[in-house]
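Inside the fold
So you can see what is in the structure, the chains are spelled out below.
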Amino acid sequence: MSTGAARESYYERTGAYRFKPTAHASGAWSPDEQHFSPVAGLMAHAIERHLADRPGGAGRLVVGRIGYDILGRIALDECEITVETVRPGRTIELLEATLVIGDRAAVRARAWLMTSLDTSSVADSPREPLPAPDGLPRWEMAGQWDGGYIASIDVRRTPPARKGRTAAWLSTPLGLVAGEESGALASYITLVDTANGIAVQQDPADWMFPNIDLTIHLHRQPEGPWTGLDTTVTFGPTGQGLTSSVLHDIHGPVGQAEQILTVRPQPRA
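Before going into details, it helps to say that this report is about the structure given with it. What you see is a predicted model, and the numbers here were worked out from it, not measured in a lab.

Before going further, it helps to spend a moment on the packing of aromatic side chains. Evaluation of the coordinates by the stated rule reveals six aromatic pairs. Centroid distance Tyr-10 to Tyr-149: 5.9 Å. Interplanar angle 50 degrees. Geometry classified as tilted. Highlighted residues: Tyr-10 in strand S1 (residues 9-13) and Tyr-149 in helix H2 (residues 148-152), separated in sequence by 139 residues. Residues Tyr-10 and Tyr-149 agree in their burial class; the two are buried. Judged by centre distance (5.3 Å) and plane angle (90 degrees), the rings of Trp-29 and Phe-209 are edge-to-face. Taken together, the positions of Trp-29 in the loop between strand S2 (18-21) and helix H1 (36-53) and Phe-209 in the loop between strand S10 (207-208) and strand S11 (213-218) put the pair 180 residues apart, joining distant regions of the chain.

Structure, rendered in structure tokens:
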């Protein structure tokens, strides 16, 4: 997700650690909230910049897991992101990023970094690659979901075999932060949280099912420009749900993402 001076973006940097969302970051559940997908990408971008700016850079460490906890409403307002080391190490390291809006922490993310070495001789996965995005029909996701973020993305989806089950490829022409180069991981993560909207179990006009977390595990570092989601959505009987996605890039599977959902009826006027 390289950027140019005139390229539209989800965020503008307003300070060393501060970012202002554009209208393209607005959410699907409410227009005055941020969609969590670009938020997740922005926090990954902050982590990548933190690693690049320290002496020696990231070295041979790569992200093996990043887990986000959504602590409350993410208003469409200027935010600040700080990154700190929780557990230092030469081969394994834990970082924590915190996104604050006003005086309240809205999201916390913890990223496990792991040493990178050559294990190509034993690399294997039972997961089959998804059909190529060029061979799938474009899905107008904005026909079912509102918000600037949904309107900004290109979605190619397999026809759902049943409710709560589908696969899709996503890409975006927008930059993440205006005038800045984004790493491959942050660009990829920017689209992952969309999984909760591509394989819906119930009509969002009747039911709400926002996620309160996002956890991504990676066995390979993803490459762009497409984010592939092979997604299953399950609703339980007591108000909880789960969106599970096998993650792909154009070369094949790269990992897994999980989102826990709070399922409840839409309030009626």
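In this structure the tally under the stated criterion is twelve salt bridges. Its salt-bridge partner being Glu-33, residue Arg-73 comes within 3.3 Å of it at the nearest N-O pair. Residue Arg-73 is located in the loop between strand S3 (61-70) and strand S4 (79-87), and its partner Glu-33 is located in the loop between S2 and H1; the two are separated by 40 residues in the primary sequence. A residue is classified by how much of its surface remains accessible, and Arg-73, at 40% relative accessible area, is partly exposed. Note on Glu-33: relative accessible area 23%, which makes it partly exposed. The partner of Arg-110 in a salt bridge is Glu-96, with the nearest N and O atoms 2.9 Å apart. Of this pair, Arg-110 sits in strand S6 (residues 104-115) while Glu-96 sits in strand S5 (residues 92-101), and the two are 14 residues apart along the sequence. The class of Arg-110 is partly exposed, set by a relative accessible area of 35%. For Glu-96, a relative accessible area of 12% puts it in the buried group. Here the residues in one salt-bridge network are Arg-13, Arg-49 and Glu-180, joined through shared partners.

Cut-off values and rules
Residues numbered from 1 in each chain as written. Predicted model: local features only at pLDDT ≥ 70, side-chain atom pairs only at ≥ 80, totals over all residues. Heavy atoms only, no water. Phe/Tyr/Trp six-rings, centres within 6.5 Å; stacked < 30°, edge-to-face > 60°. Helix = DSSP H or I, 4+ residues; strand = E, 2+ residues; numbered from the N terminus. Buried < 20%, exposed > 50% of the residue type's maximum accessible area, 1.4 Å probe, protein only. Salt bridge = Lys/Arg side-chain N within 4 Å of Asp/Glu carboxyl O.

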